[in-house]
Amino acid sequence: MTRKAELLRHRERSADLGTARWDPPVLRPESPLARADRNLVELLQERVVQTGVQIIFAFLLGVAFTNRFPELTPFQRGAYVVTLLLTVAATVVLATPVALHRGLFHRGLKPRIVALSTRFPQAGLVLLALALNGSVFLLMDIVLGLEPAIVITTVTTAIFAVLWFVLPWTLRRPRR
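Small disclaimer: the values here were computed from a predicted structure and weren't measured. (Residues numbered from 1 in each chain as written. Predicted model: local features only at pLDDT ≥ 70, side-chain atom pairs only at ≥ 80, totals over all residues. Heavy atoms only, no water.)

1. Notes on the layout of surface pockets
Here is step 1: Of the voids in this model, the second largest pocket is the one considered here, and its volume is about 200 Å³.
Here is step 2: Those elements that provide at least two residues to the lining of the second largest pocket are helix 3 (49-63) and helix 6 (120-143).
Here is step 3: Counting residues per element, the lining of the second largest pocket draws most heavily on helix 6, at 4 residues.
Here is step 4: Classifying every residue of the lining of the second largest pocket gives 8 nonpolar, 2 polar and 2 charged. (1 Å grid on protein atoms, 1.4 Å probe; cavity = no way out; pocket = protein on both sides within 12 Å on 5 of 7 lines; lining within 4 Å. Points joined across faces, edges and corners; volume = space filled by probe spheres on them. Helix = DSSP H or I, 4+ residues; strand = E, 2+ residues; numbered from the N terminus. Nonpolar A, V, L, I, M, F, W, Y, C, P; charged D, E, K, R; others polar.)

Next comes the structure, spelled out in structure tokens:
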């Protein structure tokens, strides 16, 4: 799409939303392939959250080999298993764009890779938030008991929801 066509499309969309005074986006004079290159680099850089997943996964693996692990209640063991599996799922989902890139490298499919890969980081963040909150819940249940664990985990879940999902969603909406 040409720069002029993109600006026109933006103006039409802004007029539909009642935001005709909203500043147009800064458009880059780039070809579709150059845009795909840039978008793929940005997607691959978002893998930074994998470090967090790897740390929590290592922590959870270590917990199973501690002396107190056999003392966990069946409920706590269930929370442990669910949290561990959430970290595995987060790792898989967050690494999928890399696997797609590696598996389809030099096949002329970069725009398709980018199109497929744009949803994975969002899903990975959901899984990571669940895994981190599962860890908070498990630790708080062991240290403080079930009721404080529920309260504290509710607060941490709300913090994740607001900062990782609600805030970006509100910033994405056009200013009135």
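What follows continues from the structure just given.
2. Some details on a nonpolar patch on the surface
Here is step 1: Residues Val151, Val155, Ile159, Val162, Leu163, Val166, Leu167 and Leu171 make up a contiguous nonpolar surface patch of about 710 Å² in total accessible area.
Here is step 2: Here Ile159 is to be found in helix 7 (residues 146-172). (Patch = residues over 30% accessible without salt bridge, like charges linked within 9 Å, V, L, I, M, F, W, Y side chains within 5 Å. Areas by Shrake-Rupley, 256 points an atom, 1.4 Å probe, with all protein chains shown as cover. Salt bridge = Lys/Arg side-chain N within 4 Å of Asp/Glu carboxyl O.)

3. Some points on the packing of helix 4 (residues 74-103) against helix 6
In a packed pair of helices, the relevant descriptors are the angle between the two axes and the axis-to-axis distance.
Here is step 1: Closest axis-to-axis distance for the helix 4/helix 6 pair is 8 Å, and the angle between their directions is 155°. The orientation of helix 4 relative to helix 6 falls into the category roughly antiparallel. The interaxial crossing formed by helix 4 with helix 6 has left-handed handedness.
Here is step 2: When the residues that make up the contact of helix 4 with helix 6 are grouped by side-chain class, the tally is 21 nonpolar, 7 polar and 1 charged. (Axes fitted to C-alpha atoms, helices over the stretch in contact; angles between N-to-C directions. Parallel < 35°, antiparallel > 145°, perpendicular 65-115°, else oblique. Left-handed = near helix turned anticlockwise from the far one by under 90°.)

4. A closer look at helix 6
Here is step 1: Its 24 residues give helix 6 an end-to-end C-alpha distance of 34 Å, which sits within 8% of 34 Å, the value for a rise of 1.5 Å per residue.
Here is step 2: Gly145 sits one or two positions beyond helix 6 and adopts a positive phi of about 110°. (Expected span 1.5 Å × (residues − 1).)

5. Regarding the nonpolar core
Here is step 1: Counting residues in hydrophobic clusters, the biggest one holds 11 residues: Ile56, Leu60, Val63, Phe69, Leu72, Ala79, Tyr80, Leu84, Phe137, Leu138 and Ala149.
Here is step 2: Among the secondary structure elements, those contributing two or more residues to this core are helix 3, helix 4 and helix 6.
Here is step 3: When near neighbours in sequence (up to four residues on either side) are disregarded, Tyr80 contacts Leu60, Leu61, Val63, Ala64, Phe69 and Leu138.
Here is step 4: Judged by nonpolar contacts, the second largest core, of 8 residues, contains Ala90, Val93, Leu127 and Leu128. (Core = buried A, V, L, I, M, F, W, Y, C linked by side-chain atoms within 4.5 Å. Buried < 20%, exposed > 50% of the residue type's maximum accessible area, 1.4 Å probe, protein only. Contact = heavy atoms within 4.5 Å.)

6. Here's the deal with the packing of aromatic side chains
The way to describe two aromatic rings as a pair is by their centre distance and the angle between their planes.
Here is step 1: Throughout the structure, instances matching the rule amount to 4 aromatic pairs.
Here is step 2: Measuring from ring centre to ring centre gives 4.8 Å for Phe160 and Trp164, while their planes differ by 85°; the resulting arrangement is edge-to-face. Taken together, the positions of Phe160 and Trp164, both in helix 7 and 4 residues apart, correspond to about one turn of that helix.
Here is step 3: With a relative accessible area of 18%, Phe160 lands in the buried category.
Here is step 4: For Trp164, a relative accessible area of 27% translates into the label partly exposed. (Phe/Tyr/Trp six-rings, centres within 6.5 Å; stacked < 30°, edge-to-face > 60°.)

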